[in-house]
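Here is what each chain is made of, one letter per residue.
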Amino acid sequence: MDNDLLTRYAEITQKNKREIVLLRGSGCKWRRCTFCDYHLDFSPDIQSNYSLNRRVLSQVTGKYGKLEVINSGSFVDLDARSFRLILDVCLQKHIGELHFESHWMHRDAVDTLRRAFTVYGIRVKVKIGVETFDSRYREEILCKGIGEALPQQIAACFDEVCLLFGLDGQSRESMQRDIETGLSCFERVCINIMTQNTTKIKPNPGVIHTFLTELYPLYAANDRVDILLENTDFGVG
Ligand code: SF4
């Protein structure tokens, strides 16, 4: 993946308005999700990651008081100096809410992350990619590495959830069940529609059509639901 082609700063001007940065870390430590190739945006070179992250973070203005930090993996993959810089930017730009993402395997690190920012008066929200609450599909087809954890158990550690739609075997009923479960257990739900990438998992046009015609109209205006029809719809990537 040519990192220079990635857009790493954007503003999300709909719904939960926030700035978003796509930083670079040491790489996803799970890396087995069968539908994913964006974990290829990483580098083992901590200095080079920090330099890139510093350049990206310098664009943050704080205009919405909220910042989402993603890094094609989990927050634990970011280096310590980048973390310090995120904190400095939040303090300088009066950012009171910070969003990160994480895989389930790092759930025990979430509390430490929250505390590190809460002492400065900054709320931390952590998003997890669950893709579906059907644990059998999730583990056997998508290889998410969350096991049989129930929605309530996942929500005990995480604030927001990502779902992935447009896959073989999904239906209106299964997708709506996932959305409603997400809304009942989590603060916010982010729906990603599968797009063609380099993996063997392909988007299913029929399932996508079902989502667009039957479910999108029901949730498009819901303030707690983000819907990404393309995975660059947040403006980064
Ligand atoms: S945890 Fe996230 S970055 Fe890692 S392989 Fe799965 S989807 Fe990709």
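Residues numbered from 1 in each chain as written. Predicted model: local features only at pLDDT ≥ 70, side-chain atom pairs only at ≥ 80, totals over all residues.

A. Seen up close, the nonpolar core. Formed by 50 residues in total, the largest nonpolar core has its most connected members in Val 21, Val 69, Leu 98, Val 161, Leu 163, Phe 165 and Val 189. Sequence-distant contacts of Val 189, that is, excluding residues within four places in its chain, are made with Val 161, Leu 163, Ile 179, Gly 182, Leu 183, Arg 224 and Val 225. (Core = buried A, V, L, I, M, F, W, Y, C linked by C-beta atoms within 7 Å. Buried ≥ 20, exposed ≤ 12 C-beta atoms within 10 Å, placed from the backbone. Contact = placed C-beta atoms within 7 Å.)

B. Structural detail: the environment of Phe 42. Along the chain, Phe 42 turns up in the loop between β2 (18–22) and α1 (46–57). The buried category is assigned to Phe 42, around which 20 C-beta atoms lie within 10 Å. Distance in space between the C-alpha atoms of Phe 42 and Thr 132 is 26 Å, their sequence separation being 90 residues. (Helix = DSSP H or I, 4+ residues; strand = E, 2+ residues; numbered from the N terminus.)

C. Representation of the site of the ligand. Taken together, Cys 28, Trp 30, Arg 31, Cys 33, Cys 36, His 39, Ser 72, Gly 73, His 103 and Gly 129 make up the full set of residues near the ligand. Taken together, the residues that form the shell around the ligand break down as four nonpolar, five polar and one charged. (Near = placed C-beta within 6 Å. Nonpolar A, V, L, I, M, F, W, Y, C, P; charged D, E, K, R; others polar.)

D. Geometry of unusual backbone geometry. The phi torsion at His 94 lies on the positive side, around 55 degrees, for a residue other than glycine. Summarising the element assignment, His 94 is placed in the loop between α2 (80–92) and β4 (97–101). The phi dihedral of Glu 131 is positive, around 70 degrees, even though this residue is not glycine. By C-beta crowding, Glu 131 is classed as buried, having 24 other C-beta atoms within 10 Å.

E. Region of interest: the packing of α1 against α2. Direction vectors running N to C along α1 and α2 enclose 15 degrees, while the axes themselves pass 9 Å from each other. In terms of orientation, α1 lies roughly parallel with respect to α2. Regarding α1 and α2, the two cross each other, and that crossing is right-handed. Contact residues: Asn 49, Tyr 50, Asn 53, Arg 54 and Leu 57 in α1; Arg 81, Ser 82, Leu 85, Ile 86 and Val 89 in α2. (Axes fitted to C-alpha atoms, helices over the stretch in contact; angles between N-to-C directions. Parallel < 35°, antiparallel > 145°, perpendicular 65-115°, else oblique. Left-handed = near helix turned anticlockwise from the far one by under 90°.)

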